[in-house]
2 protein chains.
Amino acid sequence: MLTGLSLFEMRVNNRIFYLYQMVSLTEENYLKTLYRLAGENQEISVKNIAESLNIKMPTVNSMVKKLAEKKFIRYEKYKAIELTEKGRKQALYILRKHRLTELFLSEVLSLGWEEVHDIAEQIEHIQSDRFFDRIDEMLGHPQFDPHGEPIPDANGKLPVYKSFPLSDGRINKVYKLAGVANHDGSFLQFLDSLGLTLGATIEIKEIQEFDKSMSVKLNNKTKTIFSFTVCRNLLVM
Amino acid sequence: MLTGLSLFEMRVNNRIFYLYQMVSLTEENYLKTLYRLAGENQEISVKNIAESLNIKMPTVNSMVKKLAEKKFIRYEKYKAIELTEKGRKQALYILRKHRLTELFLSEVLSLGWEEVHDIAEQIEHIQSDRFFDRIDEMLGHPQFDPHGEPIPDANGKLPVYKSFPLSDGRINKVYKLAGVANHDGSFLQFLDSLGLTLGATIEIKEIQEFDKSMSVKLNNKTKTIFSFTVCRNLLVM
DNA sequence: ATAATAAGTTAGATTGATCTAATAAAATTA
DNA sequence: TAATTTTATTAGATCAATCTAACTTATTAT
């Protein structure tokens, strides 16, 4: 079934033509998966795609050839797959629709966050910019969903995260390390020894009233305790 | 693509089993069309279906066989096609989703009534009773859409029209002739001469203050003027 | 470095929804 | 009623998305 459209640039005799190209529901789902894998720093391989979409490798193989023909990805036999700018844009377009829908279902229709995903998986393929723009408006052009995931804007631009000190964080929330406020060697060494690199996750488990120290879980593995000073110097988002 | 589910009754060894049967998006669209044709008192023929759905007759022919196997319709070669009770229920289920969606898009998302249909055609196939029940709730369980079309309830029951005299109607609304309060031959002849049969549409264009006469448009074609007496005797819904 | 294992590819089949061309039945007109 | 026209059906092709089985290339382990 054909669902989406993609703006397609074509050069003939040195002149540029723009035309809309149909994108099937299946293709949209592949692009979404490719984008997600790339974001998770996983290799975009035939195997990974097949597992993500729960289909067999030969199916992925032929689809990947089609997506390459349509210039959504770069693909050479036996090599790793890469999204092109066009593919990334298309993926972000769907992602926008998905996240706006989730937020809408949750905020406006008061559906539970757990049931919202499956419905959004269906609605994200609806072809109507007006529909999603209205939802976007109604929600006040949100930049992040309740999981802290960024919502691309109408031009496919991702909002920039604004980081803040971990000490401003809330209990039971998961943050990502975005930077440090203190660049002393000893502090950086301390982080190193805990395996805390940029992008590492920090979950706040407990906060002590008396000294504002925090019990945290790092990268969903190591548990430890951070003093208020440490918390103030860790910039997260 | 599989979208909907249909409750299916099966008898084995005199025992009844219920199971859910998949209904494809295409099948849903056929059922909708069949129901509409039946409602318009058009013959449900291969040709009519083909024209409605803008596909070729042989395609319809094979689909019709499949729908018959699934017990959504009764079909015999060269004979007229009939919806079964199961088919009718399924059609009403989709119709409900369609009309609730239209109303929702118009009332809640403030989309124009003209742009609402195409979006609803897509959303009606979303598989989530929770989603549509929420919308239904939010709209206060509406029984009719802005065109006066009935919205089936969650059990597939159509609301009963309550007819009222056209003289109680409002400007710019479209009504359907449901009966007459005066059965005099001359009155009926008058209606006849205007091509006003049961189900004919009457749109109120203007209402004169001084004598309550109405400028109306009949069947979206003929324009004329009805006296208050005529309006009082036309029962519409 | 070679053997074993994992990942990727090709070939060919299947299913659902569609088509065209050819044929058959039903309805209409002369 | 016979001829003509309309409608319905059958047969066979195509296309997208999927599969299994068999084969090839790349990676890993011994």
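Please refer to the structure higher up on the page.
Residues numbered from 1 in each chain as written. Chains lettered and ligands numbered in written order. Predicted model: local features only at pLDDT ≥ 70, side-chain atom pairs only at ≥ 80, totals over all residues. Heavy atoms only, no water.

S.K.: I'd like a rundown of the nonpolar core, residues and numbers included.
M.R.: Counting 32 residues, the largest nonpolar core has Phe131(A), Leu109(B) and Phe131(B) as the members making the most contacts within it. Secondary-structure elements contributing two or more residues to this core are α4 (85-107), α5 (113-123) and α6 (129-138) of chain A together with α4 (85-107), α5 (113-123) and α6 (129-138) of chain B. Setting aside chain neighbours within four positions, we find Leu109(B) in contact with Phe104(A), Phe131(A), Arg134(A), Ile135(A), Met138(A) and Phe104(B). In this structure, Val23(B), Leu31(B), Met63(B) and Ala68(B) belong to the second largest nonpolar core, which totals 22 residues. (Core = buried A, V, L, I, M, F, W, Y, C linked by side-chain atoms within 4.5 Å. Buried < 20%, exposed > 50% of the residue type's maximum accessible area, 1.4 Å probe, protein only. Helix = DSSP H or I, 4+ residues; strand = E, 2+ residues; numbered from the N terminus. Contact = heavy atoms within 4.5 Å.)

S.K.: Any details on the protein's contact with DNA strand D? Residues and values, ideally.
M.R.: Close to DNA strand D lie 21 residues; Thr59(A), Lys66(A), Asn61(B), Lys65(B) and Tyr75(B) are nearest. Close to the protein, within 4 Å, the atoms of DNA strand D belong to sugar or phosphate groups at a rate of 77%. Between DNA strand D and Thr26(A), the relevant distance is 3.4 Å, taken from a phosphate oxygen to a side-chain nitrogen or oxygen of the residue. Tyr78(A) is positioned with one of its side-chain polar atoms (N or O) 3.5 Å from a sugar or linking oxygen of DNA strand D. Among the elements of the structure, α1 (25-39) and α3 (57-69) of chain A together with α2 (46-53) and α3 (57-69) of chain B are those that each provide at least two residues to the surface near DNA strand D. With five residues, α3(A) is the single largest residue contributor to the surface near DNA strand D. Per-class residue counts for the surface near DNA strand D are 10 nonpolar, six polar and five charged. (Near = heavy atom within 4 Å. Polar contact = N/O pair within 3.5 Å; in protein donor to acceptor, adjacent residues only side chain to side chain. Nonpolar A, V, L, I, M, F, W, Y, C, P; charged D, E, K, R; others polar.)

S.K.: Residues and numbers for the interface of chain B and chain A, please.
M.R.: Listed by partner, the interface residues are 21 residues for chain B and 21 residues for chain A. The largest share of the area that chain B buries against chain A comes from Leu109(B), Gln122(B) and Phe131(B), three residues that together contribute 28% of it. Applying the counting criterion to the chain B and chain A interface returns two salt bridges. Its salt-bridge partner being Glu115(B), residue Arg130(A) comes within 2.7 Å of it at the nearest N-O pair. The interface formed by chain B and chain A includes eight residue pairs in polar contact (both at pLDDT 80 or more). If you list the elements that add at least two residues to the side of chain B that touches chain A, you get α4, α5 and α6 of chain B. Ranked by residues supplied to the side of chain B that touches chain A, first place goes to α6(B) with five residues. (Buried area = accessible area lost by both parts, 1.4 Å probe. Salt bridge = Lys/Arg side-chain N within 4 Å of Asp/Glu carboxyl O.)

S.K.: Please give an account of the sheet that holds strand β5 (residues 164-165) of chain A that cites residues and values.
M.R.: All names here are of chain A. Reading across from one edge, β5-β10-β6-β7-β8-β9 is the order of the six strands in this open sheet, with antiparallel pairing throughout. Unpaired on one side and paired on the other, β5 and β9 (222-226) mark the two borders of the sheet. Sheet topology note: the β5/strand β10 (residues 234-236) ladder contains two bridges and is antiparallel. Paired with Phe-164 across the bridge in β10 is Val-236. (Pairing = 2+ DSSP bridges.)

S.K.: Tell me what's going on with the relation of the copies chain B and chain A, and back it up with residues and numbers.
M.R.: In the superposition of chain B on chain A (RMSD 1.4 Å, axial shift 0.2 Å), the rotation amounts to 175 degrees. Given the turn and translation reported, the copies of this chain are related as if by a two-fold rotation axis. Mapped onto chain A, 100% of the interface residues of chain B are again interface residues, and the two copies thus contact each other with one and the same surface. (Least-squares fit on C-alpha atoms with pLDDT ≥ 70 in both.)

S.K.: Now, about the sheet that holds strand β9 (residues 222-226) of chain B: what can you tell me, with residues and values included?
M.R.: Residue and element names in this part refer to chain B. If you walk across this open sheet you meet the six strands as β5-β10-β6-β7-β8-β9, and the pairing is antiparallel. Pairing within the sheet leaves two strands with one partner each, and these edge strands are β5 (164-165) and β9. Of the strand pairs in this sheet, strand β7 (residues 201-207) and strand β8 (residues 214-218) are connected by five bridges, and their pairing is antiparallel. Along β8, the bridge assignment pairs Ile-202 with Leu-218. The strands that helix α7 (residues 185-193) touches are β6 (174-180), β9 and β10 (234-236); relative to β6, the one it contacts most, it runs at about 145 degrees. (Axes fitted to C-alpha atoms, helices over the stretch in contact; angles between N-to-C directions.)

S.K.: I'd like a rundown of the pattern of salt bridges, residues and numbers included.
M.R.: Residues and elements named next belong to chain A. The full count for this structure, using the stated rule, is 30 salt bridges over all chains. We note a salt bridge from Lys-66 to Glu-27, for which the minimum N-O separation is 4.0 Å. Taken as a pair, Lys-66 in helix α3 and Glu-27 in helix α1 lie far apart in primary sequence, 39 residues in all. Between Lys-47 and Glu-51 there is a salt bridge whose closest N-O contact spans 3.3 Å. Of this pair, Lys-47 and Glu-51 both sit in helix α2 (residues 46-53), four residues apart, which is roughly one turn of the helix. With relative accessibility at 48%, the residue Lys-47 sits in the partly exposed group. Accessibility expressed as a relative area gives 51% for Glu-51, which makes it exposed. Look at the salt bridges and you will find they share partners, linking Glu-27, Lys-66 and Lys-70 into a network.

S.K.: Describe a nonpolar patch on the surface, with residues and values.
M.R.: A cluster of nonpolar side chains, namely Leu5(A), Tyr20(A) and Met22(A), defines an oily patch on the protein surface of about 300 Å² accessible area. Mapping Leu5(A) onto the fold places it in strand β1 (residues 2-12). (Patch = residues over 30% accessible without salt bridge, like charges linked within 9 Å, V, L, I, M, F, W, Y side chains within 5 Å. Areas by Shrake-Rupley, 256 points an atom, 1.4 Å probe, with all protein chains shown as cover.)

S.K.: Explain α4(B) to me, using residue names and the numbers behind them.
M.R.: When the terminal C-alpha atoms of α4(B) are compared, their 32 Å separation across 23 residues agrees well with the 33 Å that a helix rising 1.5 Å per residue should span. Along α4(B), 18 of the 23 residues are buried, which leaves the element largely enclosed by surrounding structure. (Expected span 1.5 Å × (residues − 1).)

S.K.: So what's going on with the pairing of β8(B)? Residues and values would help.
M.R.: Residues and elements named next belong to chain B. Counted residue by residue, β8 has five buried out of five residues, so it is predominantly covered. Neither face of β8 is open: one carries Met-214, Val-216 and Leu-218, the other Ser-215 and Lys-217, and all of them are buried. Linking two consecutive strands that pair antiparallel, namely β7 and β8, is a turn of six residues; a positive phi of about 55 degrees is found at Lys-212 within it. Examined bridge by bridge, β8 and β9 share five bridges and lie antiparallel to one another. The residue bridging Leu-218 from the neighbouring strand is Thr-222, located in β9.

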